[in-house]
Amino acid sequence: DLAESYSNLGAALKELKQFQTALENCERAIILKPEYAEAHNNRGNVLEDLGQFDAAVESYERALSLKPDHEYLPGSLLHARMNLCDWQDFDTRTAGLIDRIQSNAKASLSFSVLALSDSLSVQRKTAEIYSQDKYPAAAKPVWSGQRYEHARIRVAYVSCDFKVHPAALNNIGMWERHDRDKFELIAISYGSVYQEDATPEGQMRTRLVKAFDRFLDVGGKSDEQIARLMQELEVDIAVDISGTMQGARQGIFAHRPAAVQVNLYGYTSGAPYMDYLVADRVVIPPEHQDGYTEQVVYMPESLSANDDSRQVSSRQFTRGEMGLPESGVVYCSFNNAYKINPQMFDVWMRVLQQVPGSVLWLQGSGQERLKENLRREAVARGVDPERLVFADRLESMAEHLARHRLADVFLDTLPFNAQTTAVDALWAGLPVLTCLGTSGMGRIAGSVVMAAQQHVNKRVVADLISYGRVRHGCRRYNRCFPAVPVRGCDPGIFQQRAP
């Protein structure tokens, strides 16, 4: 009848993704000791992983009332509220959280702050506090200066997300294109293990295994055991693609398994053992580098990768099928709910007010409280709640991409931009409207859009040059065409200007 044991067991089972049993143990602890704040907090963590944000908020609030200085709880509570677009006292709660962080309090997980503050100093400080507390550098690193003499550089990508997940969906094409004459690729997977079969997860598993020279499932090992395995494999460069997101294990890198350790998830780790962060000059301009503990390494064009083999279904959806009006502008934002804040929603509602007949198309499958909250917020801003349309989840990614065609423009969020959702929209042919913030996560969609624009410009210029050479024998195209329009471009301009 020891409540602490049941609570701890619940926390351990959560990490093993045995969520229902974890929940039962947390609730058993609460029955035994109703005033035990840690049990309520652990219950909230399990419920959040299950996507039951309404119940998670109740647990977090109860824990906070019992222990106001509970570590990391204020950030968890605010993040759960944002998943419901519950903005009651939003500005006050956010300001209070930031004040606690600036006072060196253990107030929030680093990921949760990305949607709350665009301040580089706040994001860096949150990450440093969390990293030092939870994943300090090991007293004795696994890698101790050994130099390897390999025919190919060994690069290990480390993650819990080798599955149908944005981290894999975005990078699979990149992994398949590594120069195998120079690099040996190893996948270190500590996430779920999937069978290679006809299911979407099974098909992704088959493709991932083929993309790497070695694909290792290591979820049953401790952080230190995984680090030692990587050292035994003589990994030259270790790349973390999960960071501090759900299910991530930064502790592997705290043991320093490789000579070079790289952050590929876009926001700072706050950890001294992460050497480099991969970015581009839009996501992290040189003058912003002080906001990151890593040394920034720049890609020549864009940080974001995309899988160019993704199919967009040929299915022609109707607006009626998706609950959209047959006429009028459809603004779309398929970002996660926690990225929406009151200031962003103010802007969107002003747009709807100024564009008669327009609607806003959002994600919201299975989250009735989320829908209720947003409809109430629309009414408070003088907008008919029926002008908010919520998309149901589609199992087929190809069909999800295809339904983007029903929208007219994708509206992005700030301070936490779209990344995968922006790439999805552009890949489906839907224009993306974004704003550049200060932090990297507030500039990622801008990077994607600029890279796409640059690519389109290159293609249009190349096509026009080819047309001009064939049709007119023009070889002085740089002087003939100093500026090439992207939209409405007609090769006929050569007939007007080539001479």
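Our subject is the structure that appears above.
These lines cover the structure that appears in this document, whether it is placed above or below. All values derive from a computational prediction rather than experimental measurement.

1. Examining the overall build of the chain
Inference 1: Scanning the chain for helices and strands turns up 19 helices and twelve strands.
Inference 2: Computed over C-alpha atoms, the radius of gyration of the chain comes to 25 Å, within 12% of the 23 Å expected from 2.2 N^0.38 for 499 residues, which places it in the range of a compact globule.
Inference 3: Of all 499 residues assigned to the chain, the portion counted as buried reaches 52%.
Inference 4: Of the contacts formed within the chain by residues at least 6 apart in sequence, a portion of 66% connects residues at least 24 apart.
Inference 5: Carbon and sulfur atoms make up 49% of the accessible area of the chain, which amounts to about 23200 Å² in all.

2. As for the sheet that holds strand E11 (residues 409–411)
Inference 1: Spatial ordering of the open sheet is given by E10-E9-E8-E11-E12, a layout of five strands whose pairing is parallel. Either end of the sheet is taken by a strand with one partner, and the two such strands are strand E10 (388–391) and strand E12 (432–433).
Inference 2: Note that strand E8 (residues 330–333) and E11 share two bridges and pair parallel. Residue pairing in the sheet places Cys 332 in a bridge with Phe 410 of E11.
Inference 3: Sheet strands touched by helix H13 (residues 342–354): E8, strand E9 (359–363), E10 and E11. Its angle to E9, the strand with the most contacts, is close to 145°.
Inference 4: Across the sheet, helix H14 (residues 368–380) is in contact with E9 and E10; its angle to E10 comes to roughly 160°.

3. Digging into unusual backbone geometry
Inference 1: In this model, Leu 414 is joined to Pro 415 through a cis peptide bond whose omega is 15°.
Inference 2: As for its placement among the helices and strands, Pro 415 is situated in the loop between E11 and helix H16 (420–428).
Inference 3: One non-glycine residue with positive phi stands out, namely Cys 85, at about 50°.
Inference 4: Mapped onto the fold, Cys 85 is located in the loop between helix H5 (73–83) and helix H6 (90–102).
Inference 5: The class of Cys 85 is buried, set by a relative accessible area of 0%.

4. A closer look at the sheet that holds strand E3 (residues 214–217)
Inference 1: Ordered in space as E3-E2-E1-E4-E5-E6-E7, the seven strands form an open sheet in which the pairing is parallel. For this open sheet the edge positions go to E3 and strand E7 (295–298), each flanked by a neighbour on one side alone. Each strand axis lies, on average, 25° off the axis of its neighbour in the sheet, ignoring direction.
Inference 2: As judged from the four bridges shared by strand E4 (residues 237–240) and strand E5 (residues 260–263), these two strands associate in the parallel manner. Following the sheet pairing, Asp 240 is matched in E5 by Asn 263.

5. Digging into the packing of H6 against helix H8 (residues 120–134)
Inference 1: Orientation of H6 relative to H8, taken along the N-to-C sense of each, is 60°, at an axis distance of 9 Å. Relative to H8, the element H6 lies oblique. Two packed elements cross with a definite hand, and for H6 against H8 that hand is left-handed. Of the residues in H8, those touching H6 at Ile 98, Ile 101 and Gln 102 are Val 122, Lys 125, Thr 126 and Ile 129.

6. Notes on H8
Inference 1: With 15 residues, H8 extends 21 Å from end C-alpha to end C-alpha; this agrees with the ideal 21 Å at 1.5 Å per step.
Inference 2: Every buried residue of H8 is listed here: Leu 120, Val 122, Gln 123, Thr 126, Ala 127, Ile 129, Tyr 130 and Ser 131.
Inference 3: The elements touched by buried residues of H8 are H6 and helix H7 (110–113).

7. Comments concerning the nonpolar core
Inference 1: Counting 63 residues, the largest nonpolar core has Phe 345 and Leu 360 as its most contacted members.
Inference 2: Per-element accounting of this core gives the leading share, five residues, to H13.
Inference 3: When sequence neighbours within four positions are dropped, the list of residues in contact with Leu 360 reads Tyr 331, Phe 345, Trp 348, Met 349, Leu 352, Arg 387, Leu 388, Val 389 and Leu 411.
Inference 4: Core analysis: the second largest hydrophobic core is formed by 29 residues, Tyr 157, Ala 211, Phe 215 and Val 262 among them.

8. Considerations on the packing of helix H1 (residues 3–15) against helix H2 (residues 19–32)
Inference 1: Axis separation between H1 and H2 bottoms out at 8 Å; the angle between their running directions is 160°. Here H2 runs roughly antiparallel to H1, going by the angle between their axes. Of the two elements, H1 crosses H2, and the hand of that crossing is left-handed. Contacts between H1 and H2 involve Ala 3, Tyr 6, Ser 7, Leu 9, Gly 10, Leu 13 and Lys 14 from the former and Phe 19, Thr 21, Ala 22, Asn 25, Cys 26, Arg 28, Ala 29 and Leu 32 from the latter.
Inference 2: Residues of the contact of H1 with H2, tallied by class, amount to nine nonpolar, four polar and two charged.

9. Focus on the side chain of Glu 184
Inference 1: Note that Glu 184 resides in strand E2 (residues 183–189).
Inference 2: Residue classification places Glu 184 among the buried positions, given a relative accessible area of 11%.
Inference 3: Among the polar contacts made by the side chain of Glu 184, one reaches the side chain of Arg 154 at a distance of 3.2 Å.
Inference 4: In terms of polar contacts, Glu 184 uses its side chain to reach the side chain of Arg 214, at 2.7 Å.

10. Here we look at the pairing of E5
Inference 1: For E5 and strand E6 (residues 276–279), the ladder comprises two bridges, and the chain directions are parallel. Bridge pairing in E6 links Asn 263 to Leu 277.

11. Focus on the packing of aromatic side chains
Inference 1: This model, assessed by the stated rule, comprises 16 aromatic pairs.
Inference 2: Note on Phe 111 and Phe 416: the rings are 5.8 Å apart at their centroids and 70° apart in plane angle, and the pair reads as edge-to-face. Of this pair, Phe 111 sits in helix H7 while Phe 416 is found in the loop between E11 and H16, placing the two residues 305 residues apart along the sequence.
Inference 3: Assessed through its relative accessible area of 6%, Phe 416 is described here as buried.
Inference 4: The ring of Tyr 6 has Arg 28 sitting right over it, with the charged end atom 5.6 Å from the ring centre.

Thresholds, definitions, all that
- Residues numbered from 1 in each chain as written.
- Predicted model: local features only at pLDDT ≥ 70, side-chain atom pairs only at ≥ 80, totals over all residues.
- Heavy atoms only, no water.
- Helix = DSSP H or I, 4+ residues; strand = E, 2+ residues; numbered from the N terminus.
- Rg over C-alpha atoms; globule rule 2.2 N^0.38 Å.
- Buried < 20%, exposed > 50% of the residue type's maximum accessible area, 1.4 Å probe, protein only.
- Contact = heavy atoms within 4.5 Å.
- Areas by Shrake-Rupley, 256 points an atom, 1.4 Å probe, with all protein chains shown as cover.
- Pairing = 2+ DSSP bridges.
- Axes fitted to C-alpha atoms, helices over the stretch in contact; angles between N-to-C directions.
- Parallel < 35°, antiparallel > 145°, perpendicular 65-115°, else oblique.
- Left-handed = near helix turned anticlockwise from the far one by under 90°.
- Expected span 1.5 Å × (residues − 1).
- Core = buried A, V, L, I, M, F, W, Y, C linked by side-chain atoms within 4.5 Å.
- Nonpolar A, V, L, I, M, F, W, Y, C, P; charged D, E, K, R; others polar.
- Polar contact = N/O pair within 3.5 Å; in protein donor to acceptor, adjacent residues only side chain to side chain.
- Phe/Tyr/Trp six-rings, centres within 6.5 Å; stacked < 30°, edge-to-face > 60°.
- Lys NZ or Arg CZ within 6 Å of the ring centre and 35° of its normal.

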